[in-house]
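Below, each chain spelled out in residue letters.
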Amino acid sequence: DIQMTQSPSSLSASVGDRVTFTCRASQSISSSLSWYQQKPGKAPNLLIYGASSLQSGVPSRFSGSGSGTDFTLTITSLQPEDFATYYCQQSYTSLRISFGQGTRLEIK
Amino acid sequence: QVQLVESGGGLVQPGKSLTLSCAASGFTFTDYGMHWVRQAPGKGLEWVAVIWFDGSNKYYGGSVRGRFTISRDNFKNILYLEMRSLRVDDTATYYCARDTADLAAGVLDHWGQGTLVSVSS
């Protein structure tokens, strides 16, 4: 199975900051990488798919990049509603997907 | 709009069975693969199972294979997860989620609100 590792596990930032999350796959997954945002008590919400494609309705301050084994999610100019947990997920093995352990974004 | 509403969760004893349902509306159910994903309290997301648009193929995560069965009723627009031989570590919120493709591309673009399953004696 493909293992997904996210770093850091938590991150503190302020409104207006630019933040970057990292996700690494245990083997090459091409661009088969999605990012989800999850707020406490809520279901995950798809932000990015195909490593860099923005899901409809997601603000343009979110962007994704990477291919192969290393990927990043960047949020430019953090907004109060962005404080949440972010998960990466590989779909290279689309019939056996797997998630990273998550990065919690906290207010500094 | 797309709606996925899970039901059937609750408290169950170890070794017992439980079946979850996910009622889908607002889209053509037969056009999409569907997944179950779970989240133990305070933990991350764990993929459980996927089923193709027509129910012809099903795949499972290693921790549930042989105990859980995913199925769907394309006439009623309902996704199911039958869980047998439940263990304490199956305790989690269970989400159903829609795939972006009929044969399952592995991208989950809509999620239900989740239903909590607690396994305890």
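Below: a short report on this structure.

Thresholds applied
- Residues numbered from 1 in each chain as written.
- Chains lettered and ligands numbered in written order.
- Predicted model: local features only at pLDDT ≥ 70, side-chain atom pairs only at ≥ 80, totals over all residues.
- Heavy atoms only, no water.
- Helix = DSSP H or I, 4+ residues; strand = E, 2+ residues; numbered from the N terminus.
- Rg over C-alpha atoms; globule rule 2.2 N^0.38 Å.
- Buried < 20%, exposed > 50% of the residue type's maximum accessible area, 1.4 Å probe, protein only.
- Polar contact = N/O pair within 3.5 Å; in protein donor to acceptor, adjacent residues only side chain to side chain.
- Contact = heavy atoms within 4.5 Å.
- Disulfide = S-S within 2.5 Å.

### Focus on the overall build of chain A
- Along chain A, the regular secondary structure elements total zero helices and eleven strands.
- The linear arrangement of helices and strands in chain A, starting from the amino end, is β-β-β-β-β-β-β-β-β-β-β.
- Relative to the compact-globule value of 13 Å for 108 residues, chain A shows a C-alpha radius of gyration of 13 Å, a close match.
- Each of the three principal axes of chain A carries a C-alpha extent, and together these read 35 × 25 × 25 Å.
- Buried residues in chain A amount to 44% of all 108 residues.

### Remarks on the side chain of Gln37 of chain A
All names here are of chain A.
- Turning to its location among the elements, Gln37 is positioned in strand S4 (residues 33-38).
- Judged by its relative accessible area of 10%, Gln37 falls in the buried class.
- A distance of 2.9 Å separates the side chain of Gln37 from the side chain of Tyr86, its partner in a polar contact.
- With residues up to four places along the chain from it excluded, the contact list for Gln37 reads Ala43, Pro44, Asn45, Leu47, Phe62, Glu81, Asp82, Ala84, Thr85 and Tyr86.

### A short note on the state of the cysteines
- Taken as a whole and judged by the stated rule, the model has two disulfides over all chains.
- Between the sulfur atoms of Cys23 of chain A and its disulfide mate Cys88 of chain A the distance is 2.1 Å. When the S-S torsion is 70 degrees, as for the bridge of Cys23 of chain A with Cys88 of chain A, the disulfide is right-handed. In this pair, Cys23 of chain A sits in strand S3 (residues 19-25) while Cys88 of chain A sits in strand S9 (residues 85-90), placing the two residues 65 residues apart along the sequence.
- Overall, the relative accessible area of 0% leaves Cys88 of chain A in the buried class.
- A sulfur-sulfur separation of 2.0 Å characterises the disulfide bridge that pairs Cys22 of chain B with Cys96 of chain B. Handedness here is read from the sign of the S-S torsion; for Cys22 of chain B and Cys96 of chain B, about 50 degrees, the answer is right-handed.

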